[in-house]
Amino acid sequence: RKRQRYVEKDGKCNVQHGNVRETYRYLTDIFTTLVDLKWRFSLLIFILAYALTWLFFGLIWWVIAYSRGDLEHLGDHSWTPWTPCVNNLNGFVSAFLFSIETETTIGYGHRVITDTCPEGIVLLLLQAILGSMVNAFMVGCMFVKISQPNKRAETLVFSSHAVVSLRDDRLCLMFRVGDLRDSHIVEASIRAKLIQSKQTQEGEFIPLDQTDLSVGFETGDDRLFLVSPLIISHEIDERSPFWDVSRGQLERDDFEIVVILEGMVEATG
């Protein structure tokens, strides 16, 4: 029969959080929230962060030019020439372009701030500092999102089925894992969890209870040298949760075994 999985085959947890009232907690850790967003939302926020910053400072540059009267002296060829705050700034579009040039440090040279505008100098320093902060934050989010190990896990292959059989005259639950890439997983370790609802002796029902399955923690066999495919074995002894389970009960019971492989990617760290 079709059973609902706790963890899908691609590693995604099939759990939805409901009745979460304190949603402000996601905003207190905004960096992790942005990293966890889907790519389309992350790219949208990435574009908006830069576009809105450029528009905001472009508007302030235009307000400074307008309040000083720089726009009224455009083309003024009198004997007392007017010194604007920003040379060749003749409207909002040019103020927006100057904002982009300032924050991205392009510096075309056609529009340049003069030394007769103290408020412009303060704004220039403020935009340079905030622009660096926006760059560090957004580029950091993109880098962490790109370097997530989700795609690397596609080349880690587990066997389609687990088997129970005798090995060295001991009953064992076994499965196989292998790495398709030439770049190895450094300090790889593996562990297994049995996910099953249970009822305690006091009558308490515990849904989705997690129990460790020993895959060699005592002997160090859980630390893998994953160069070639390896067979991972769990011995069914007195300490195993499968010790009192018959073959028929094994087919009827509703449980799931989740295997977790951890390590560092040799190529990227």
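All values derive from a computational prediction rather than experimental measurement.

Q: Even after reading the chapter, I still don't get the environment of L71, so can you show me in this structure?
A: Note that L71 resides in the loop between α3 (39-68) and α4 (92-103). It is 9.9 Å that separates the C-alpha atoms of L71 and N88, two residues lying 17 residues apart in sequence.

Q: Got a minute to help me understand helix α5 (residues 118-146) in this structure?
A: Side chains three or four residues apart in an α-helix point the same way, a direct result of the helix having 3.6 residues per turn. Look at α5: 42 Å from first C-alpha to last across 29 residues, which is about the 42 Å you get at 1.5 Å a residue. Among all positions in α5, only G120, L123, Q127, G131, M138, C141, M142 and K145 are buried. Buried residues in α5 make contact with α2 (30-36), α3 and α4.

Q: Would you mind showing me how to read the domain arrangement of the protein here?
A: Accessible area lost upon the coming together of the parts serves often as the stated size of an interface. The domain architecture assigned to the protein consists of domain 1 (24-147) and domain 2 (156-265). Put simply, the middle of domain 1 and the middle of domain 2, counted by C-alpha atoms, are 55 Å apart.

Q: Can you help me understand a positive patch on the surface in this one?
A: Taken together, the side chains of K12, K38, R40 and K151 define a basic patch exposed on the protein surface. Within the fold, K12 resides in the segment before α1 (24-28).

Q: Is there a simple way to explain the UniProt feature "transmembrane region" (unreviewed entry) in the protein in this structure?
A: Under the local residue numbering, the UniProt record ascribes the feature "transmembrane region" (unreviewed entry) to residues 41-64 and 121-144. Helix makes up 100% of residues 41-64 and strand 0%. Its end C-alpha atoms lie 34 Å apart. Segment residues 121-144 splits into 100% helix and 0% strand. End C-alpha atoms: 35 Å apart.

Q: Even after reading the chapter, I still don't get the environment of C172, so can you show me in this structure?
A: Residue placement: C172 occurs in strand β3 (residues 170-179). Each residue touching C172, except ones within four places of it in the same chain, is listed here: V163, V164, S165, R167, S233, H234, E235 and I236.

Reading the values: rules and limits
Residues numbered from 1 in each chain as written. Predicted model: local features only at pLDDT ≥ 70, side-chain atom pairs only at ≥ 80, totals over all residues. Heavy atoms only, no water. Helix = DSSP H or I, 4+ residues; strand = E, 2+ residues; numbered from the N terminus. Expected span 1.5 Å × (residues − 1). Buried < 20%, exposed > 50% of the residue type's maximum accessible area, 1.4 Å probe, protein only. Contact = heavy atoms within 4.5 Å. Domains from an automatic or database assignment. Patch = residues over 30% accessible without salt bridge, like charges linked within 9 Å, V, L, I, M, F, W, Y side chains within 5 Å. Areas by Shrake-Rupley, 256 points an atom, 1.4 Å probe, with all protein chains shown as cover. Salt bridge = Lys/Arg side-chain N within 4 Å of Asp/Glu carboxyl O. Lys, Arg positive; Asp, Glu negative; His and termini not counted. Charge placed at Lys NZ, Arg CZ, Asp CG, Glu CD. UniProt positions renumbered as here; feature names shortened; annotations may be inferred.

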